[in-house]
Amino acid sequence: DNRFVLIQPERLAALMRVLGDLYRGEGREGLVAFNDGQAASLAELDDAFGGPESGQLEWQGATEVRDRGRNLGLRPPVPAELPRGLQADLRAYQQDGLAWLQHMRANEAGGILADDMGLGKTLQTIAHITAEKEAGRLDLPAVVVTLTSLTGNWRREIEKFAPALRVVVMHGAGRKELRYLARRTDVVITTYPLLIRDMDFYSATPFHMLILDEAQAIKNSRSQAHQAVKQVNARHRLCLTGTPIENSLSELWAQFDFLMPGLLGNSEWFRQRFVQTIEREGSKQRLEELRQQVTPFMLRRTKEQVATELPPKTEIVRPIELRGPQRDLYESIRLAAHSEVRQAITEKGFSASSFTILDALMKLRQVCCDPRLVPLESAQAVKRSAKYEMLMELLEQQLPRGRRALIFSQFASMLNLIGHGLRERGIRFVSLTGATPNRQKVVDAFEGRQVDVFLISLKAGGTGLNLTSADTVIHYDPWWNPAVQAQATDRAYRIGQKKPVFVYNLIAAGSVEERMLGLQRRKKALADGILGEGRAQSAALTQADVEGLMAPLSDGE
């Protein structure tokens, strides 16, 4: 009837946001589908109308859900007492982390402890488990699922910091005989592949807590690992990862689908509402909306924020010009590969051509690393590699100064070539790849200063290693994923490091490697947009990106 009602903008925004959340799901019998995780939105709505004391909003029914939402979203965690059985001194931020973990458990909410690599997520989790035991709540075991290479590290850390906790490592051919003991212990440690194989045990056995270490392992919601962890019968769920978003926001959805199914809607709703609008369109509004939804359930601290005692870290991009036969080889392979990629896109479309695109990019990266990596007769005729020669020159400069180096590559075959060159020069080294039988032996050799160089494959050694005796990190072949590279760097740059750390990124100037730096910046901006205060940028690889990556060699950018 042409009358107007004045409503404060923040009230209207809160109302519309909460209503949008509530009506995204499918209700039945005229009811709205409601997820417990959305309780924080109810508290936010209440506050927009003056809070519980104002009486402006009348609540009926389960008001305890609104109160729980207030605890999660608006009230800070109560400081937690350090467990008596914890044999470690927690830093202030780690004590805050313990309080947050206890707070999430008390409010029956799952969460992601997303601290930067090297800030002690394992120790904070051990303190949390110890607190649960001392409070009498650990009447059922806690399960830690981790990478195969990290089971020994978890066992050692628990024995060191919480020796009162009983631990069973479910690993090896005889693990079925351990099931009786596992039901009566404090902590069960297993791996993602073994969890899948032993699903009959984990789905039928009740547990107090399920902890996913390196939780990016379930980032693909269609993977067996993701489906398996959802079937574990546990009261409380927790994710540990320094990289909750590596490539796409869909990885964040996969983790919350495990922690609190329905909090972020179903996968299709999430894709349409957030993935498309944020990654492709750069929507600030949707970015802020998603950030508000996940913030109560995620604790993220960076080294810059809390580890102020760490020495400086210097990042150095070292461009290397390809010359002569190596440059000619790059251009000849680029022309042939680019033609194959264009033909595949024409015949199958862009999305169906990913294998052809990745294969082409890998060949170009191999030429940049060393022509000996390329399985072509024409490549074997090229006897010199500019990057290989630069690496050897760099080591011969740094090692006499007392520097100790970690060298990362995605290609195990490249590490073999580097190792051959080091032996020729009398430089002592150890290697760690997926084929290394005893990881701890080579780690101890390096940390014991028996050798000065550690060659590490990015896949096998990018996580779970503490190598603070190194002060130089060399990424021989940088790739598009900045999170994975940061994890590798943080094998040296972590709590316990006393010396300044120098990080070298060796790239072939004007090549596909240099152009990948732009993709790295976009990937990092996407993660920062959710985890920090940055602005999200589009991160999806486009056909224009591929054309740019496969452009002719330039004189550098």
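Residues numbered from 1 in each chain as written. Predicted model: local features only at pLDDT ≥ 70, side-chain atom pairs only at ≥ 80, totals over all residues. Heavy atoms only, no water.

### Here we look at the overall build of the chain
Helices and strands together make up the secondary structure of the chain, namely 24 helices and 13 strands. Its C-alpha atoms give the chain principal-axis dimensions of roughly 80 × 65 × 45 Å. The burial tally for the chain puts 55% of its 557 residues in the buried class. A separation of at least 24 residues holds for 73% of the contacts in the chain among residues at least 6 apart in sequence. With the model as given, the accessible surface of the chain reaches about 25,600 Å², and the carbon-plus-sulfur share is 50%. A gap of 4 Å separates the mean positions of the 72 positive and 67 negative side-chain charges of the chain. (Helix = DSSP H or I, 4+ residues; strand = E, 2+ residues; numbered from the N terminus. Buried < 20%, exposed > 50% of the residue type's maximum accessible area, 1.4 Å probe, protein only. Contact = heavy atoms within 4.5 Å. Areas by Shrake-Rupley, 256 points an atom, 1.4 Å probe, with all protein chains shown as cover. Lys, Arg positive; Asp, Glu negative; His and termini not counted. Charge placed at Lys NZ, Arg CZ, Asp CG, Glu CD.)

### Concerning helix α22 (residues 482–489)
In terms of burial, α22 is largely enclosed, as 6 of its 8 residues are buried. All buried positions along α22 are accounted for by Pro-482, Ala-483, Gln-485, Gln-487, Ala-488 and Thr-489.

### Here's the deal with the pattern of salt bridges
This model, assessed by the stated rule, comprises 34 salt bridges. Residue Glu-132 pairs with Arg-105 through a salt bridge whose shortest N-O separation is 3.2 Å. Residue Glu-132 is found in helix α5 (residues 121–134), and its partner Arg-105 is found in helix α4 (residues 92–106); the two are separated by 27 residues along the sequence. Using a relative accessible area of 17% as the deciding quantity, one classes Arg-105 as buried. (Salt bridge = Lys/Arg side-chain N within 4 Å of Asp/Glu carboxyl O.)

### Remarks on the nonpolar core
Counting 78 residues, the largest nonpolar core has Tyr-202, Leu-212, Phe-256, Phe-270, Leu-290 and Ile-530 as the members making the most contacts within it. With 7 residues, helix α11 (residues 249–259) is the largest single contributor of residues to this core. Once residues lying within four places of it in the same chain are set aside, the contact partners of Phe-270 are Leu-249, Ser-250, Trp-253, Leu-264, Val-275 and Leu-290. Within the second largest apolar cluster, 52 residues are counted, among which are Leu-329, Cys-368, Leu-415 and Leu-506. (Core = buried A, V, L, I, M, F, W, Y, C linked by side-chain atoms within 4.5 Å.)

### Concerning empty space enclosed by the protein
Take a probe with the size of a water molecule and roll it over the atoms, and the empty space left behind shows itself. Taken as a whole and judged by the stated rule, the model has 3 cavities of 30 Å³ or more. Volume-wise, the largest cavity comes out at about 110 Å³. Taken together, Trp-100, Leu-101, Met-104, Arg-105, Ala-109, Gly-110, Gly-111, His-128, Met-209, His-236, Arg-237 and Leu-238 make up the full set of residues lining the largest cavity. If you list the elements that add at least two residues to the lining of the largest cavity, you get α4 and β6 (234–240). If you tally residues by element for the lining of the largest cavity, the top one is α4, at 4 residues. Taken together, the residues of the lining of the largest cavity sort by class into 6 nonpolar, 4 polar and 2 charged. The computed volume of the second largest cavity comes to approximately 50 Å³. Looking at the second largest cavity, the residues that line it are Phe-408, Ser-409, Gln-410, Leu-458, His-475, Tyr-476, Asp-477, Pro-478, Trp-479 and Gln-485. For the lining of the second largest cavity, the per-class residue count stands at 5 nonpolar, 4 polar and 1 charged. (1 Å grid on protein atoms, 1.4 Å probe; cavity = no way out; pocket = protein on both sides within 12 Å on 5 of 7 lines; lining within 4 Å. Points joined across faces, edges and corners; volume = space filled by probe spheres on them. Nonpolar A, V, L, I, M, F, W, Y, C, P; charged D, E, K, R; others polar.)

### Here's the deal with unusual backbone geometry
Positive phi values are uncommon outside glycine, yet Glu-214 reaches one of about 50°. Position of Glu-214 relative to the elements: it lies in the loop between β5 (207–213) and α10 (224–231). Phi angles above zero are rare outside glycine, and Arg-449 is one such case at about 60°. Overall, Arg-449 belongs to the partly exposed group, its relative accessible area being 46%.

### Description of the sheet that holds strand β4 (residues 187–191)
Reading across from one edge, β3-β4-β2-β5-β6-β1-β7 is the order of the 7 strands in this open sheet, with parallel pairing throughout. Among the strands making up the open sheet, the edge pair consists of β3 (167–169) and β7 (298–299). Bridge analysis of β3 against β4 gives 3 bridges, and the strand direction is parallel. Its bridge partner lying in β4, Val-169 is registered against Ile-189. Along the sheet face, α5 touches β1 (111–113), β2 (142–146), β4, β5 and β6 and points at about 180° away from the line of β5. (Pairing = 2+ DSSP bridges. Axes fitted to C-alpha atoms, helices over the stretch in contact; angles between N-to-C directions.)

### Focus on the sheet that holds strand β12 (residues 472–475)
Taken in spatial order, the 6 strands make up an open sheet running β8-β13-β12-β9-β11-β10, and their pairing is parallel. The strands lining the two open edges of the sheet, one partner per strand, are β8 (313–320) and β10 (429–432). Each adjacent strand pair in this sheet contributes to an overall mean axis angle of 20°, direction not counted. Direction of pairing for β10 relative to strand β11 (residues 453–457): parallel, over a ladder of 4 bridges. Within β11, the position partnered with Phe-429 by the bridge is Val-453.

### A word on the confidence of the model for the chain
Within the chain, residue pLDDT values average 87, and 94% of them lie at 70 or more. Put simply, helix α3 (residues 63–73) is where the chain has its lowest mean pLDDT, 72, and β5 is where it has its highest, 97. (pLDDT = per-residue confidence, 0-100.)

### Some words on the packing of α4 against α5
Interhelical geometry of α4 versus α5 gives an angle of 50° and a closest axis separation of 9 Å. Comparing the axis directions of α4 and α5 gives the class oblique. Crossing of α4 over α5 shows right-handed handedness. In this structure, α4 uses Tyr-93, Gln-94, Gly-97, Leu-98, Leu-101, Gln-102 and Arg-105 to contact α5, whose residues at the interface are Leu-123, Gln-124, Thr-125, Ala-127, His-128, Ala-131 and Glu-132. A class-by-class count of the residues in the contact of α4 with α5 yields 6 nonpolar, 6 polar and 2 charged. (Parallel < 35°, antiparallel > 145°, perpendicular 65-115°, else oblique. Left-handed = near helix turned anticlockwise from the far one by under 90°.)

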